[in-house]
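Residues per chain are reported as follows:
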Amino acid sequence: MSTHTFILNGKPVTVDVDDSVRLLWVLRDVLGVTGPKYGCGINVCKACTSHVNGKAFNPCSVEVKDIGPDDEITTIEGLADTVDADLHPMQEAWLEYDVAQCGYCQPGQIMAAVAKVRQARAAGHEITDADLDQIRNICRCGTYNRIREAIKAGAERM
């Protein structure tokens, strides 16, 4: 066992786990953060999408030893705190557009959407259909049209 420290949703945390444990299991099983979902465990479905230092990543594919003490991990549970509100604008858009059916993939979808909007703005433009086409999160319910509409609406509010 090794000690690992990082920032989770704005607060420093320390865990004592083997270096090779995937961060998703640290979040869910050790720290009790259940927003990032387990879907495939091989970085394909993206149900676990979260942010590391503001960028989308999939904790199912990252070993805890690869996260440093200054790394900031944000999960859906901490997203609203990044805008100091009850809900993040993207979460509000998700509700307004009634995106979720089963809801399982939605935390990862929202986290991917927020990161993609930030990435587009950093590149000097608003979110486009081409940007939306790059989001590869899987939704088994097939609500992709509502997801795209909610992302566009959420982007306008961010």
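Residues numbered from 1 in each chain as written. Predicted model: local features only at pLDDT ≥ 70, side-chain atom pairs only at ≥ 80, totals over all residues. Heavy atoms only, no water.

Chemist: Is there a simple way to think about the pattern of salt bridges in this case?
Modeler: When the charged atoms of two side chains lie near each other, side chains of opposite charge can form a pair. For the coordinates displayed, the defined rule picks out eight salt bridges. A salt bridge links aspartate 129 to arginine 148; the shortest N-O distance between them is 3.4 Å. On the criterion of sequence distance, the pair formed by aspartate 129 in helix H5 (residues 129-133) and arginine 148 in helix H6 (residues 144-157) is long-range, its members being 19 residues apart. A salt bridge links glutamate 149 to lysine 152, with the shortest nitrogen-to-oxygen separation between them at 3.8 Å. You can see glutamate 149 and its partner lysine 152 sitting in helix H6, three residues apart, about one turn around the helix. A relative accessible area of 28% places lysine 152 in the partly exposed class. One continuous salt-bridge network, built from bridges that share partners, spans Asp129, Asp133, Arg148, Glu149 and Lys152. (Salt bridge = Lys/Arg side-chain N within 4 Å of Asp/Glu carboxyl O. Helix = DSSP H or I, 4+ residues; strand = E, 2+ residues; numbered from the N terminus. Buried < 20%, exposed > 50% of the residue type's maximum accessible area, 1.4 Å probe, protein only.)

Chemist: Is there a simple way to explain unusual backbone geometry in this structure?
Modeler: Peptide bonds are mostly trans, and most non-glycine residues show a negative phi. Its identity as a non-glycine residue notwithstanding, lysine 46 has a phi of 70°, on the positive side. For lysine 46, the location among the structural elements is in the loop between helix H1 (23-30) and strand S3 (50-52). Positioned with a positive phi, aspartate 84 is a non-glycine residue whose angle comes to about 55°. On the secondary structure map, aspartate 84 appears in the loop between helix H2 (76-79) and helix H3 (89-96).

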